Amino acid sequence: MSRTRTALALGLAAAGALSVASVTATAAPSPLAGSTTVTPAGHSFNATLSGKATLKAGSVTVTCTVSVSTGTVPAAPGNQNASGPVSSPISPPTYSSCTSSIWGVTPTVTTSGSWSVSMQDGSPITATMTVPVGGLVVHTTGLATCTVTAAPTAPANVGGTWVNGAPPSLTFTNASVPVTVTGGFGCPTSATSSVFNAVYKVTDTTDPAQQITVGP
């Protein structure tokens with residue numbers, strides 16, 4: 001066999017090996033989620049905004065300085081999952097003391113529906129807040145009348161992180177949320193997603209001496 005044909009054959013063999021390796025790597029199953037336990041079981045909690053929450057759609061940013069949600073850790077054994085996250089229902093977070101990045105525009109945030117938050121132990125501990133369909137609506141008045149609807153067609157999962165502490169914190173950093181925007185001049189009607197940032201401090205309201213904790 002000539003050197004040219006030999007090189008070509010080796011090249012094809014190497015490409016074939018790479019293709020097989022690529023397919024094998026793609027087909028490999030994802031690792032299973034580890035166990036999660038949230039304690040104290042059955043305890044109620046408050047999640048209170050620390051600092052400010054921002055929701056940015058297009059060039060418009062809405063900033064709120066007051067936000068609260070309540071929830072309850074599932075009673076045992078529901079507060080444990082051997083192979084995945086533990087989910088807790090929460091009240092629709094309230095948002096007030098809100099301002100807009102556009103001068104002369106006043107935003108109002110309303111929430112509704114069945115919200116939840118799930119915790120998955122790991123490094124870091126991950127948190128997912130689920131927004132129901134149309135569960136958050138921002139309406140602006142003034143120089144621009146706009147309506148921003150989050151999770152417009154399906155529930156949206158908003159990813160964040162949880163840090164155990166005294167008190168523990170729930171943080172959302174540049175989390176993407178699908179939205180639709182309607183309105184006239186000055187409204188970011190082409191936006192299909194928004195960016196959410198917020199930090200919540202979580203307190204145990206059943207027994208303030210204890211802390212809500214996420215572990216394996």
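Look above for the structure.
Residues numbered from 1 in each chain as written. Predicted model: local features only at pLDDT ≥ 70, side-chain atom pairs only at ≥ 80, totals over all residues. Heavy atoms only, no water.

A. Summary view of the nonpolar core. Residues Tyr 95, Phe 196 and Tyr 200 are the most contacted members of the largest nonpolar core, which totals 47 residues. When near neighbours in sequence (up to four residues on either side) are disregarded, Tyr 200 contacts Ala 47, Thr 48, Leu 49, Ser 50, Ser 67, Tyr 95, Pro 168, Ser 169, Leu 170 and Phe 172. (Core = buried A, V, L, I, M, F, W, Y, C linked by side-chain atoms within 4.5 Å. Buried < 20%, exposed > 50% of the residue type's maximum accessible area, 1.4 Å probe, protein only. Contact = heavy atoms within 4.5 Å.)

B. Spotlight on the state of the cysteines. Taken as a whole and judged by the stated rule, the model has two disulfides. Each sulfur of the disulfide joining Cys 64 and Cys 98 lies 2.0 Å from the other. As the torsion about the S-S bond is roughly 105°, the Cys 64-Cys 98 disulfide counts as right-handed. Of this pair, Cys 64 sits in strand β4 (residues 60-72) while Cys 98 is found in strand β7 (residues 94-100), placing the two residues 34 residues apart along the sequence. By relative accessible area, Cys 98 is classed as buried at 15%. Across a sulfur-sulfur distance of 2.0 Å, Cys 146 and Cys 187 are joined as a disulfide pair. For the disulfide bridge between Cys 146 and Cys 187, the dihedral angle about the S-S bond is near -90°, and by the sign convention the bridge is left-handed. (Disulfide = S-S within 2.5 Å. Helix = DSSP H or I, 4+ residues; strand = E, 2+ residues; numbered from the N terminus.)

C. Representation of the sheet that holds strand β1 (residues 36-39). In spatial order, the strands read β5-β1-β16; together these three strands make up an open sheet with antiparallel pairing. The open sheet has two edge strands with one neighbour each: β5 (80-81) and β16 (213-215). Bridge count between β1 and β16: three bridges; the pairing is antiparallel. Looking across to β16, one finds that Val 38 is bridged to Val 214. (Pairing = 2+ DSSP bridges.)

D. Quick peek at the side chain of Thr 63. Summarising the element assignment, Thr 63 is placed in strand β4. Overall, Thr 63 belongs to the buried group, its relative accessible area being 19%. For Thr 63, the contacting residues outside a window of four places in its chain are Lys 52, Ala 53, Thr 54, Ser 97, Cys 98 and Thr 99.

E. Focus on the pairing of strand β14 (residues 169-183). Here strand β12 (residues 146-150) pairs with β14 via five bridges, running antiparallel. Across the sheet, the residue bridging to Ala 150 is Val 179, located in β14. Across three bridges, the pairing between strand β13 (residues 156-163) and β14 is antiparallel. Its bridge partner being in β14, Thr 161 is matched across the sheet by Thr 171. If you look at the hairpin formed by β13 and β14, you'll find five residues sitting between the two strands. Relative to strand β15 (residues 193-204), β14 runs antiparallel, the two sharing eight bridges. Looking across to β15, one finds that Ala 175 is bridged to Phe 196.

By themselves, these figures tell us nothing about what the structure is for.
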